Amino acid sequence: MANDKDDLSSITGLPEELGIDEDLGRTEQHLSIRTEKRRYDKPVTIVEGLDSGEVDVKELASELKRKMATGGTINEGAIELQGDHRDRVAEVLREKGYEVA
């Protein structure tokens, strides 16, 4: 039998399988969502403030692109989505436990 202390979180002291550390990491991040006009006056929604050490930015970007049914990319740690999706992105991120300004 493995040592139970090996399965405990160093931050909360609770079992790692509960995923509490990940939830705490989300709530400690303050994300901002903005849009800017790009080429041909096309809007781009930008999600900034992600800590790549706490969040799998690539996975989150894929999920947002899928839910918004749009294309996008990761640029310098920020997620960029084609189109103006400010309201819907904020709603999805709040549902996932992020603090959105």
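Here the structure is a predicted model, which is why all the values come from computation and not from measurement.

Trainee: Lay out the nonpolar core in plain terms, naming residues and giving numbers.
Mentor: Judged by nonpolar contacts, the single largest core of 18 residues is most densely connected at Val47, Leu60, Leu64, Ile79, Val89 and Leu93. For this core, the secondary-structure elements that each account for two or more residues are β1 (30–37), α2 (57–68), β4 (78–82) and α3 (86–95). The element best represented in this core is α2, accounting for five residues. Setting aside residues no more than four positions away along its own chain, Leu60 makes contact with Leu50, Val55, Ile79, Leu93, Lys96 and Tyr98.

Trainee: Explain α2 to me, using residue names and the numbers behind them.
Mentor: Between its first and last C-alpha, α2 extends 16 Å over twelve residues, near the 16 Å set by a 1.5 Å rise per residue. Along α2, the residues classified as buried are Val57, Leu60, Ala61, Glu63, Leu64 and Met68. The buried side chains of α2 occupy one side of the element, clustering within an arc of 165° when seen end-on. Residues of α2 that are exposed and point over 90 degrees away from its buried face: Lys58, Glu59 and Arg66. Tucked into the core, α2 has its buried residues touching β3 (72–75), β4 and α3. Ala69 sits one or two residues past α2 and shows a positive phi near 55°.

Trainee: Lay out the environment of Gln29 with the relevant residues and their values.
Mentor: As for its position among the elements, Gln29 is in the loop between α1 (20–27) and β1. Through-space distance from the C-alpha of Gln29 to that of Gly97 is 9.7 Å; in sequence the pair is 68 residues apart. With near-sequence residues (within four places) excluded, Gln29 lies in contact with Gly49, Leu50, Asp51, Glu54, Val55, Tyr98 and Glu99.

Trainee: Before we move on, could you go through α3 and cite the residues and values that matter?
Mentor: Every buried residue of α3 is accounted for by Val89, Ala90, Val92 and Leu93. Down the axis, α3 shows its buried residues gathered within 165° of arc, on one side only. Residues of α3 that are exposed and point over 90 degrees away from its buried face: Asp87 and Glu95. Its buried side turned inward, α3 meets β1, β2 (43–48), α2, β4 and β5 (99–100).

Calculation notes
- Residues numbered from 1 in each chain as written.
- Predicted model: local features only at pLDDT ≥ 70, side-chain atom pairs only at ≥ 80, totals over all residues.
- Heavy atoms only, no water.
- Core = buried A, V, L, I, M, F, W, Y, C linked by side-chain atoms within 4.5 Å.
- Buried < 20%, exposed > 50% of the residue type's maximum accessible area, 1.4 Å probe, protein only.
- Helix = DSSP H or I, 4+ residues; strand = E, 2+ residues; numbered from the N terminus.
- Contact = heavy atoms within 4.5 Å.
- Expected span 1.5 Å × (residues − 1).
- Arc of directions from axis to C-beta.

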